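# Coordinate inspection notes
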Amino acid sequence: MTPYERLMAEAIPTGRFGRPAVDEPARTASASTDTPEQQAARRAALSEAQHGWRLPDQRSQRNRERTAERKRAARPRHLRVVPDPANTEAA
């Protein structure tokens with residue numbers, strides 16, 4: 001089997017090129033080696049980073065939506081409707 005055929009044999013490319021996964025050692029979840037002090041320091045840093053953060057209010061959300069709509073409306077259109085010059089019917 002050629003390398004290309006092995007690559008195409010994979011439903012989802014995994015980089016194994018058609019080989020089975022038995023050559024990989026089994027992964028085991030290792031126990032956390034962090035001390036309680038390290039965990040507490042990380043929690044404190046996360047809490048400090050989140051201090052003062054809040055979800056956007058409804059007014060600012062509406063303003064963002066209006067701004068996005070204005071930007072969409074200002075974009076040039078790709079297609080235009082052009083009247084048929086051969087049309088003799090009155091509008």
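Numbers given to residues run from 1 along each chain, matching the order in which its sequence is written. Reporting of local features is limited, given that this is a predicted model, to residues whose pLDDT is at least 70; pairs of side-chain atoms are given and counted only at 80 or more, and all residues count toward the totals for whole chains, interfaces and linings. Neither water nor hydrogens contribute to the side-chain values; these are computed over all heavy atoms in the structure.

Moving on, we get to the overall build of the chain. The helix and strand tally for the chain stands at three helices and zero strands. Secondary structure of the chain in N-to-C order comes out as α-α-α. Partly exposed describes any residue whose relative accessible area lies between the buried limit of under 20% and the exposed limit of over 50%, with all areas from a 1.4 Å probe on protein chains only and scaled to the type maximum. A buried classification covers 1% of the 91 residues belonging to the chain. Each accessible area is a Shrake-Rupley result for a 1.4 Å probe, and residues are judged covered by the shown protein chains and nothing else. Carbon and sulfur atoms provide 56% of the accessible area of the chain, an area that totals close to 9,500 Å². Only DSSP runs of H or I covering at least 4 residues are called helices, and only runs of E covering at least 2 are called strands; the numbering of each starts at the N terminus.

Further remarks concern the pattern of salt bridges. Salt bridge, as used here: a side-chain nitrogen of Lys or Arg that lies within 4 Å of a carboxyl oxygen of Asp or Glu. On inspection of all chains with the given rule, the structure shows two salt bridges. Across the salt bridge formed by R42 and D34, the nearest N and O atoms sit 2.8 Å from each other. Taking the relative accessible area as the measure of exposure, D34 reaches 32% and is therefore partly exposed. Between R72 and E69 there is a salt bridge; the shortest N-O distance is 2.9 Å. Taken as a pair, R72 and E69 lie in helix α3 (residues 58–74) at a separation of three residues, close to a single helical turn.

Taken together, the side chains of R59, R62, R66 and R70 define a basic patch exposed on the protein surface. Positionally, R59 belongs in helix α3. The patch calculation keeps residues exceeding 30% relative accessible area without a salt bridge and links them within 9 Å when they carry like charges or within 5 Å when they are nonpolar (Val, Leu, Ile, Met, Phe, Trp, Tyr). Asp and Glu are treated as the negative residues and Lys and Arg as the positive ones, with His and the ends of the chain left uncounted. A single reference atom marks each charge: NZ on Lys, CZ on Arg, CG on Asp, CD on Glu.

Bringing helix α2 (residues 36–50) into the picture now. By definition here, a helix of n residues has an expected span of 1.5 Å times n minus one. Between its first and last C-alpha, α2 extends 21 Å over 15 residues, near the 21 Å set by a 1.5 Å rise per residue. One or two steps after α2, the chain reaches G52, where phi turns positive at roughly 85°.

What follows is about the confidence of the model for the chain. Confidence of the prediction at every residue is given by pLDDT, a number between 0 and 100. Confidence along the chain averages 79 in pLDDT terms, with 70% of residues attaining 70 or more. Looking over the chain, one finds the lowest element-wise mean pLDDT in helix α1 (residues 3–8), namely 72, and the highest in α3, namely 91.

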